[in-house]
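Results of the structural survey
Listed here are the chains, written in short residue letters.
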Amino acid sequence: MKEIKKGFPKDFLWGGATAANQCEGAYLEGGKGLCVADILKVQDKGDLKKKSNKETMMKDIEFALKDKEGYYPKRYGIDFYHTYEKDLKLLSGIGMNSFRISINWSRIYPNGDDDHPNEEGLQFYDKLVDEIIANGMEPLITLSHYEMPLNLATEYNGWYNRATIDFFVNYCTTMFNRLNGKVKYWIIVNQINLIHHESFNHLGIPADRVENLWQAKYQGIHHECTACAIATKIGHEINPNFQIGMMVYDGLSEPATCKPADVLANLKRNQMEYFFSDLLIRGEYPGYALRFFKDHDISLNILAEDEKILKDNPADFLAISYYYSCIASEESVSKYGVNEDGAMANPYLDENEWGWAIDALGLRTVLNNYYDRYQVPIMIAENGYGSKDELVEGKIHDDYRINYLSKHIAAIKEAIIDGVDVIGYYPWGPIDIISCSSSEMSKRYGFIYVDLDDYGKGSGKRIKKDSYEWYKKVIETNGEVL
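Computed from a predicted model, the values in this text were never measured in an experiment.

To continue, consider the pattern of salt bridges. For the structure shown, the criterion picks out 26 salt bridges. Salt-bridge contacts for K217 lead to E55; the nearest nitrogen and oxygen are separated by 2.9 Å. Here K217 is found in helix α9 (residues 213-238), whereas its partner E55 is found in the loop between α1 (20-23) and α2 (58-66), with 162 residues between them in sequence. You can call K217 buried: its relative accessible area is 1%. By relative accessible area, E55 is classed as partly exposed at 31%. Close ionic contact of D87 with R462 constitutes a salt bridge, the shortest N to O distance being 2.9 Å. Separated by 375 residues along the polypeptide, D87 in helix α3 (residues 80-92) and R462 in strand β12 (residues 462-464) bring together distant segments of the chain. Relative accessible area serves as the criterion here: at 18%, R462 is assigned to the buried category. One salt-bridge network, in which partners are shared between bridges, spans D389, D398, R401, D432, R444 and K465.

Below is the structure:
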């Protein structure tokens, strides 16, 4: 009989996670083409709880390309393209043994449909990965993290067009070959289920280019999942030791009440949250999804060879991002239908400024739910507390972040004792970077403060926060001291 695990395994991956479009900058250097993130303007007005990258139309893209007055933070990031050596040295000082980065697709294939890759972009990632390894960290590479070449969105309608499968597989194959022997862990697509809040940013489908946007989104997801399965097959052929995972953001909800109608509505809602991982881990379209599509007049073009490649090439592990939890009711789900996700705030939980509920216990719950369903290793590829940190006499006292993270790490430990095979933990933005949803710098997650404001003004100086030494102690004790 197996023994109950006592806590984090000795080979646990203690890391941190970033995305190229949020940190690199240098948007016109090194042969890089424009990507979908480069047209996102800072959202410096409005309700903090409602800021996100919603639908984008061609007129929005055209405006951004001509705009000479607005500020587009992801074009500049924190200048990681030029500062990565010093930044990685600082990060390695925490004791992290792994680091998650993304490859900016438009740095490798500037237009997406290019005949040959950009060698200067390849050389940059060679050096970056080498530096990660030299600092004692295992690279975790995300191949698609909201960095689709803009040309694929404007000329092909992004993932809605089946041609994008070949463009993406070609890109993945290029990176698998180039980084073979250096990289073991791969996430093909970041948060593949995030189609409500990061629609264009993720799928690259201009909203005014299609008649039925939601059919276009799910057709795009089919093409993207098919491409993931093809890439997984090719990656394993290149190197059987590659561990190739799929990633979702955790959107699972709890029923608002024990009323049977709320319980059923919540179940149906959660099924469509599981849909993406069901497709990429179980390898087939589940019956609940087929009914969902029928009920919402969504008709997908699914080829027989797509179904076979999906079935034959499941992901090796599941990666999740977890920030908050939510609830759902019959009313909330029926009210929004296909257009929104039907999530509601849990009245029993506190929130941060952006309306994200703080629920460490929920992390233990969802880890058990995912593992019960799939029985594959799980990485927490993102987790963190966004806050407007205040620099006081040259220091950041972020007890609120320490409190949030310590409780979530404790929840992970309990899930491991429950029997869940959690293999890694990657707090989001271990060094401050540009926010994904609002393109703000002021929404900070890091253990390292970067002296830049929402408009890129500041010294750029890096300053260790109190959480830096705290996370260092957590790693030194393998999660025993929180």
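Next, the rest of the story.
Turning our eyes to something else, we now look at α2. All of the buried residues in α2 are M58, I61 and A64. All buried residues of α2 fall inside an arc of 130 degrees around its axis, so they share one side. Those residues of α2 that are exposed and angled more than 90 degrees off the buried face are K59 and K66. Packing partners of the buried residues in α2 comprise α6 (150-156) and α8 (199-203).

In this section: the sheet that holds strand β1 (residues 13-14). Overall, parallel pairing links the 8 strands, which are arranged β1-β10-β9-β7-β5-β4-β3-β2 in an open sheet. Looking at strand neighbours, the two that pair on one side only are β1 and β2 (98-102), the edges of this open sheet.

On to the packing of aromatic side chains, then. Taken as a whole, this structure holds 37 aromatic pairs when the rule is applied. A ring pair is formed by W14 and Y425, whose centres lie 6.3 Å apart and whose planes are at 80 degrees; its orientation type is edge-to-face. Within this pair, whereas W14 is found in strand β1, its partner Y425 is found in strand β10 (residues 422-425), the two being separated by 411 residues in sequence. Taking relative accessible area as the criterion, W14 reaches 2% and is therefore assigned buried. Assessed through its relative accessible area of 0%, Y425 is described here as buried. One aromatic cluster is present, built from ring pairs that chain together F8, F12, W14, Y425, F447, W470 and Y471. Stacked on the ring of W214, the Lys or Arg K217 has its end atom at 3.9 Å from the ring centre. The side chain of R373 reaches across the aromatic face of Y274, ending 3.9 Å from its centre.

Here we take up the nonpolar core. Core analysis: the largest hydrophobic core is formed by 145 residues, its most contacted members being Y218 and F275. For this core, the element with the most residues is α9, which contributes 10 residues. Excluding residues within four positions of it along the chain, F275 makes contact with Y218, I221, Y285, P286, Y288, A289 and F293.

Moving on to the environment of E24. Tracing the chain through its elements places E24 in the loop between α1 and α2. You can call E24 buried: its relative accessible area is 1%. A sequence separation of 56 residues divides E24 from F80, and the C-alpha atoms of the two residues are 4.3 Å apart. With residues near it in sequence (within four places) discarded, E24 still touches Y76, D79, F80, Y81, S102, N104, R107, F124 and Y125.

Sheet topology places β1 next to β10; 2 bridges connect them, and they run parallel. Pairing of W14 across the sheet is with Y425, part of β10. As paired elements, strand β9 (residues 378-382) and β10 share 3 bridges and run parallel to each other. Note on β10: the bridge partner recorded for M379 is G424. Once you follow β9 into helix α15 (residues 399-418) and on to β10, the crossover reads as right-handed.

Criteria and cut-off values
- Residues numbered from 1 in each chain as written.
- Predicted model: local features only at pLDDT ≥ 70, side-chain atom pairs only at ≥ 80, totals over all residues.
- Heavy atoms only, no water.
- Salt bridge = Lys/Arg side-chain N within 4 Å of Asp/Glu carboxyl O.
- Helix = DSSP H or I, 4+ residues; strand = E, 2+ residues; numbered from the N terminus.
- Buried < 20%, exposed > 50% of the residue type's maximum accessible area, 1.4 Å probe, protein only.
- Arc of directions from axis to C-beta.
- Contact = heavy atoms within 4.5 Å.
- Pairing = 2+ DSSP bridges.
- Phe/Tyr/Trp six-rings, centres within 6.5 Å; stacked < 30°, edge-to-face > 60°.
- Lys NZ or Arg CZ within 6 Å of the ring centre and 35° of its normal.
- Core = buried A, V, L, I, M, F, W, Y, C linked by side-chain atoms within 4.5 Å.
- Right-handed = clockwise from strand over helix to strand, strands pointing away.

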